Amino acid sequence: MSVPLDGRRIVVSAGPTYEDIDPVRFVGNRSSGKMGFAVAAAAARRGAEVVLVAGPVALATPAGARRVDVRSAAQMREAVFAALPADAYIGAAAVADYTPRHPSPDKVKKTGETLVLELVRTPDILAELGVHALRPRRLVGFAAETGDVARYAQDKLARKRLDMIAANRVGVAGQGFEGDDNALVVYWPGGERALGPAPKTELAERLLDLVFPD
Ligand code: PMT
């Protein structure tokens, strides 16, 4: 029996961010938004007031969720902070870590044999939330890793001052980006729980059970 979430406000981020190089090209990633949308849908079904901050994805808005569409990491940060205060933030978005330093207002022309793109760090939304005055009481991150999943996830849990982190392996078939299924290991200080492999819709429910045990 899942815990009702009436009266709770939950902010969920989902999908990729696109960092523009010029009006034609961008730096992006393979996130489809399915994992985050599943979390938002499950939370709304349980009665929470859900703000879904979505990167560029082609998915229908979950019933009952308020969706804010964004493109870049900077826009995602702005939308997440505008949605505070909240009881929980669940960061399923694959936020770009770097963005072009000088996006060009015009299409970059093919002039040389090589092209060097200078990238600068984006704001780390989750890490900022960890030390913010309006830090949600439950701060949940995701970690997408190709190897050494436990070590990197636990490092992010501590470094970003999270309550919980859901780690998934990417770059292997049947989990991570794009597909309908995934497998998570959820870590919190002093504990962990493996979830799946299972459909992302099912994992979203099990994750909410851990985030809101009562
Ligand atoms: O969207 P799908 O196709 O369904 O795929 C799901 C998923 C693989 C994208 C999802 O399950 C997942 O792992 N999301 C997090 C991906 C990611 O960016 O992980 P990370 O290890 O690079 O980042 C760690 C955490 O910091 C994440 O919660 C991320 O949202 C957050 N972050 C990262 C960078 C940044 N600038 N700001 C952030 O808030």
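Residues numbered from 1 in each chain as written. Predicted model: local features only at pLDDT ≥ 70, side-chain atom pairs only at ≥ 80, totals over all residues. Heavy atoms only, no water.

Considering the pattern of salt bridges
Considering all chains together, one arrives at 18 salt bridges under this definition. For Glu49, the salt bridge goes to Arg9, with nearest N and O atoms at 2.5 Å. In this pair, Glu49 is assigned in strand S4 (residues 49-54) and Arg9 in strand S1 (residues 9-14), connecting sequence segments 40 residues apart. On the basis of relative accessible area, Glu49 is assigned to the partly exposed category, the value being 45%. Of the charged contacts in the structure, one is a salt bridge between Arg135 and Asp163, with a shortest N-O distance of 3.2 Å. Linking Arg135 in the loop between helix H3 (125-130) and strand S9 (138-145) with Asp163 in the loop between helix H4 (149-159) and strand S10 (164-169), this pair joins segments that are 28 residues apart in sequence. (Salt bridge = Lys/Arg side-chain N within 4 Å of Asp/Glu carboxyl O. Helix = DSSP H or I, 4+ residues; strand = E, 2+ residues; numbered from the N terminus. Buried < 20%, exposed > 50% of the residue type's maximum accessible area, 1.4 Å probe, protein only.)

Side note on the environment of Ala65
Examined against the element boundaries, Ala65 turns out to sit in strand S5 (residues 65-69). Taking the C-alpha atoms as reference, Ala65 lies 21 Å from Leu210; in sequence the two are 145 residues apart. In contact with Ala65, not counting residues within four places along its chain, are Ala44 and Val50. (Contact = heavy atoms within 4.5 Å.)

A short note on the nonpolar core
Counting residues in hydrophobic clusters, the biggest one holds 36 residues, and the most contacted among them are Ile10, Val50, Ile90, Phe142 and Leu207. Here the element with the most residues in this core is helix H1 (residues 34-45); it accounts for eight residues. Non-local contacts of Val50, meaning those with residues more than four positions away in its chain, are made with Ile10, Val12, Ala40, Ala43, Ala44, Ala65 and Arg66. Grouped together as the second largest cluster of nonpolar side chains are 25 residues, Ala79, Ala86, Leu126 and Leu162 included. (Core = buried A, V, L, I, M, F, W, Y, C linked by side-chain atoms within 4.5 Å.)

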